[in-house]
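Residue-level listing of the chains:
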Amino acid sequence: MNAHAWLEARFTDLRPRAIAALTRQFRDLDLAEEVFAASCLRALKSWPENGLPKDPLAWLLTVARNAGRDIIRARSRSAVIANQPAGSHVPEDDYIEHLDNDGLRDDVLRLLFICCHPALSQQDQSALALKIVTGMNVDQIARAFLVKPKTMEQRITRAKRAVAQAQIPFETPDLTERSRRLKAVSLMLYLLFNEGWSASSGEVQIKTPLCEEAIRLARLLLNLFPGMSELMGLLALFLFQHARRSSRLDPQGQLVPPDQQDQALWDQKLITEAQTLLAKALRHATPGSFQVQAAIAGVHCAAGSKTDWPEIERLYAALYLLEPSPVIRLNQAAAASKVRGPEAGLQMLQPLEDELDNYRWFHSARAAFHLEMRNYKCAKAAYERALALEPTKAEREFLNRKISECEKNF
């Protein structure tokens, strides 16, 4: 990874906390994004030459805050909002080194509750949170929601306009309002973790800091609502998945299929914590999507020498009843192929083709089924379709290896 790519990955890691802090200060989503981008551009010039600062986040915030005050003064609002006399910049070398005193740890959670204001539709809430908090671009978010980029761009623009027009307060809502928004915020954390667990595109396959941030926020949320079984399930799901992070790529950075991962690398402490959380959630007898997904992840983590695929297929069938989405059906098809063969998997994929045509994991699953059946030309075509949908670097390398394998068998 070149220097600029490494720095850009670092900016992605720091973005949630930086954007949240800047939004709290300036109370303007667009301005927060603009000045964060400006601080990253400054860092691309400064850090390679002067070295990484002691506290990169504080450095970025200092530069962004200075840029924000300049923009506000240019808009003739400086007297009230900037709260600084003209020309009073903080030098970049004198950035604040200790940020916990200003409540920074809770800023991201506060921002998620803002994005989940009831004035926005659930889809608009999700799109806005992904754009603001993770920095995913419009094309990436559109693929995640299986819609056209133009449609997603309109959603995000509409959501930002609604926040501005409704004069939504940039403060943590009270406990009653937080309860109303809890389901939406939980979904935001789920999407945040997923982007860290399996990046939507780019050079980095696993964005570990995003996963860790989602776990931290899920813990905070569970502390606020300790009796919510779905929050227990959400955190358990994160912990089960994160426990396997070290085994998902080999030393060369190539993807390792789940059934070939080195279980000695799994974090047993996280697995034990997740098992305890899930057992506690299930005792409430209020089943939900996150609990079922956590149960699926738990089966994978308890695999030993052989994964219990019939149980995973049953759990996906139960999950589909709770949340009938094409992506869940795709995962159910993958499990079914392990139980009843690739033909069963292909049969389940057929009704999903139109809805998931722009979803690269649909095509890679179909390719894998064809490859197992030795339909090499069909497998190659499906792998090539997945390759055209902007996979990550590790996924590109995996797909190219599979395409070469197919070509050797023509």
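See above for the structure.
Calculation criteria
In this numbering scheme, every chain counts its residues from 1 along its sequence in written order. With the structure being a predicted model, the display of local features is reserved for residues of pLDDT at least 70 and the display and counting of side-chain atom pairs for 80 or more, all residues being used for whole-chain, interface and lining totals. Hydrogens and water are ignored here; the side-chain numbers use all heavy atoms of the structure. Helical segments are the DSSP runs of H or I of at least four residues, strand segments are the runs of E of at least two, and each set is numbered from the N terminus. Residue burial is assigned from relative accessible area. The probe radius is 1.4 Å, only protein chains are included, and a residue is buried under 20% of its type maximum, exposed over 50%, and partly exposed in between. Should any heavy atoms of two residues lie within 4.5 Å, those residues are considered in contact. Helix span, expected: 1.5 Å multiplied by one less than the number of residues in the helix. Salt bridges are identified by distance alone: a Lys or Arg side-chain nitrogen within 4 Å of an Asp or Glu carboxyl oxygen.

Student: I tried to follow the overall build of the chain on my own but got confused; where do I start?
Tutor: The number of helices and strands found in the chain is 19 helices and zero strands. Among the 410 residues that make up the chain, the fraction classed as buried is 51%. The contacts in the chain between residues at least 6 apart in sequence include a share of 65% that link residues at least 24 apart.

Student: Explain helix α13 (residues 289-301) here, please?
Tutor: One full turn of an α-helix is made of 3.6 residues, so residues set three or four places apart face in the same direction. Along its 13 residues, α13 runs 18 Å from first to last C-alpha, staying within 8% of the 18 Å computed at 1.5 Å per residue. Counting buried residues in α13 gives 13 out of 13 residues, a clear majority hidden from the surface.

Student: I would appreciate a short explanation of the environment of G253 in the present structure.
Tutor: Among the secondary structure elements, G253 is positioned in the loop between α11 (229-242) and α12 (268-283). For the pair G253 and Q205, spaced 48 residues apart in sequence, the C-alpha to C-alpha distance is 8.8 Å.

Student: Looking at this model, I keep getting lost on the environment of R24. Mind explaining?
Tutor: Tracing the chain through its elements places R24 in helix α1 (residues 3-26). In the structure, R24 is positioned 87 residues away from L111 in sequence and 8.0 Å away in space, judged by C-alpha atoms.

Student: How should I be thinking about the pattern of salt bridges in this particular structure?
Tutor: Close approach of charged atoms lets side chains of opposite charge pair. Within the structure shown, the criterion is met by 18 salt bridges. A salt bridge links R219 to E273; the nearest nitrogen and oxygen atoms lie 2.5 Å apart. In this pair, R219 is assigned in helix α10 (residues 208-224) and E273 in helix α12, connecting sequence segments 54 residues apart. Overall, R219 belongs to the partly exposed group, its relative accessible area being 31%. According to the relative accessible area criterion, E273 is partly exposed, its value standing at 27%. Three or more residues are tied together by salt bridges with common partners; here these are R15, D30, E33, K131 and K160.

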